[in-house]
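This is what each chain is made of:
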Amino acid sequence: MATMKAAVVTEFKKPLQIQDVEIPKPKAHEVLVKMITSGVCHTDLHAAHGDWPVKPPLPIIPGHEGVGEVVEMGDEVTNLKLGDVVGVPWLHTACGHCEFCRTARETICHDQENSGYSVNGSFAEYAIMDAAYTITVPKELDPIYAAPLFCAGVTTYKALKVSGVKPGQWVSIVGIGGLGHVAIQYAKAMGMRVVAVTAPNDKLSSDLAHEMGADLVYSGPGEKMGEWIQNEIGGAHGAVITAVAKQPFNEALKSLKRGGRLVPVALPQGSMELPIFDTVLNATEVVGSIVGTRQDLYETLDIAAKAGIKPNVTVKKLDEINEIFDDMLAGQIKGRVVLQF
Ligand code: NAD
Ligand code: ZN
Ligand code: ZN
């Protein structure tokens, strides 16, 4: 049995175990990807903790920001070739024929599989992808910087599109971690004005927001954010929430201009409050956004290659995964950690 090194969740809220597991075999429509690198997303931490109503089956190998090389292909694969450098994103596969798939909304297909959640992901030396859902990495992009684009990039690019904010208008990016710092770059590339909101007094994220090109940065008390944004710019046209906390969801509603749109992206536990009177009178819109389709991903990578979008990465090794999660919980990561294989 040929084996590979993988980081495995065997029990929720317990450290991941570095194990030797069998290298999977691609089915006829699948490819085997030899991992070069993988980003570490906060969703992987939610998976390892069993934070969400739908939990992954255990044991599971997390990871959905993988970039690697196609080293084996099933007989039916025609869109890829050996040696192609491809990604392992959250959307591992979808049914391809339901109402949502038919209307290019495959990310809300009921019959989708998710890398690192419902099927094994990229925290391993090899991973399987459905060829039809596999996107290649543009030649201009270094795998280390391309990896975070397969979740943080596509998710925030899509959320910015969903926000409806037009060039010259203001968007607030709330939470400047892995997703948020990439969001600032895409928003600027899309011609938006950006107000970045970090956790209170978070110097690391505030420095990062400035480096990423935010026009304004707020690192003050959470409960003053709405008022501050109203005073500074007269309210934001849209708000993309990537902060792993409930409070900023409620507060960001107060930061919107009339007719503004809140786009929840982060997935902390709990509910947000939507005051009925303000929602009606201000014609507020709230639209959730979940990763992005294959086309969104294609655009995400294309824009990165052309506009020079580059995540701020720290390179680590697979067996450091538990310390990486500790740092993530403590808010001590500047941008994204990527694992190098
Ligand atoms: P991260 O840990 O890299 O970043 C989260 C950031 O939120 C940190 O910088 C932290 O300081 C900040 N934060 C925490 N509390 C805050 C507060 N009160 N105010 C402002 N900022 C605060 O996480 P990430 O990888 O960027 O992921 C963020 C969230 O998005 C996670 O919940 C993840 O599961 C979710 N996610 C959703 C999608 C989607 O498609 N909707 C895709 C990827 C990730
Ligand atoms: Zn992710
Ligand atoms: Zn479907």
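Residues numbered from 1 in each chain as written. Chains lettered and ligands numbered in written order. Predicted model: local features only at pLDDT ≥ 70, side-chain atom pairs only at ≥ 80, totals over all residues. Heavy atoms only, no water.

1. As for helix α7 (residues 225–233)
Because an α-helix packs 3.6 residues into every turn, residues spaced three or four apart end up facing the same way. Restricting attention to buried positions, one finds in α7 the residues M225, G226, I229 and I233. Take α7 and look down its axis: the buried residues cluster within an arc of 100°, on one side only. Residues of α7 that are buried sit in contact with β9 (170–174), β10 (193–197), β11 (216–218), β12 (236–241) and α8 (247–255). (Buried < 20%, exposed > 50% of the residue type's maximum accessible area, 1.4 Å probe, protein only. Helix = DSSP H or I, 4+ residues; strand = E, 2+ residues; numbered from the N terminus. Arc of directions from axis to C-beta. Contact = heavy atoms within 4.5 Å.)

2. Brief notes about the site of ligand 1
Taken together, 29 residues lie near ligand 1, and H42, T43, L179, V291 and R336 sit nearest. At a separation of 3.5 Å, an oxygen atom of ligand 1 approaches a polar backbone atom of I176. In the environment of ligand 1, a nitrogen atom lies 3.3 Å from a nitrogen or oxygen atom belonging to the backbone of A199. Taken by itself ligand 1 offers 860 Å² of open surface, and the protein chains cover 89% of this. Broken down by secondary-structure element, the contributors of at least two residues to the shell around ligand 1 are α1 (42–49) and α5 (178–189). Tallying contributions element by element places α1 first for the shell around ligand 1, with 3 residues. Split into classes, the residues belonging to the shell around ligand 1 amount to 16 nonpolar, 11 polar and 2 charged. Here the shell around ligand 1 spans two domains, and each of domain 1 (3–151 + 291–340) and domain 2 (153–286) adds at least three residues to it. (Near = heavy atom within 4 Å. Polar contact = N/O pair within 3.5 Å; in protein donor to acceptor, adjacent residues only side chain to side chain. Areas by Shrake-Rupley, 256 points an atom, 1.4 Å probe, with all protein chains shown as cover. Nonpolar A, V, L, I, M, F, W, Y, C, P; charged D, E, K, R; others polar. Domains from an automatic or database assignment.)

3. Things to note about the coordination of the zinc ion (ligand 3)
Four donors placed tetrahedrally about a metal ideally form angles of 109.5 degrees, and six donors placed octahedrally ideally form angles of 90 or 180 degrees. Protein-derived ligands of the zinc ion (ligand 3) are C95 (SG), C98 (SG), C101 (SG) and C109 (SG), with the metal-ligand distances lying across 2.3 to 2.4 Å. Each of the 4 donor atoms around the zinc ion (ligand 3) contributes to a set of angles spanning 106 to 116°, which defines the coordination as tetrahedral. All donors to the zinc ion (ligand 3) come from one chain, and their sequence spacing reads C-x2-C-x2-C-x7-C. Residue C98 is found in the loop between β6 (91–93) and α2 (99–102), and its partner C109 is found in the loop between α2 and β7 (113–114); the two are separated by 11 residues along the sequence. Accessibility classification places C98 together with C109 in one group, the buried group. (Donors = N, O, S within 2.8 Å, 3.2 Å for Na, K, Ca; no water. Tetrahedral: all angles 85-135°; square planar, octahedral: opposite > 155°, others 65-115°.)

4. A look at the environment of N120
With respect to the helices and strands, N120 occurs in the loop between β7 and β8 (126–130). Judged by relative accessible area, N120 falls into the partly exposed class, the value being 42%. It is 14 Å that separates the C-alpha atoms of N120 and V40, two residues lying 80 residues apart in sequence. The residues contacting N120, other than those within four sequence positions of it, are P59, I60, I61 and S115. Looking at N120, its side chain comes within polar contact range of the main-chain nitrogen of I61, at 2.9 Å.

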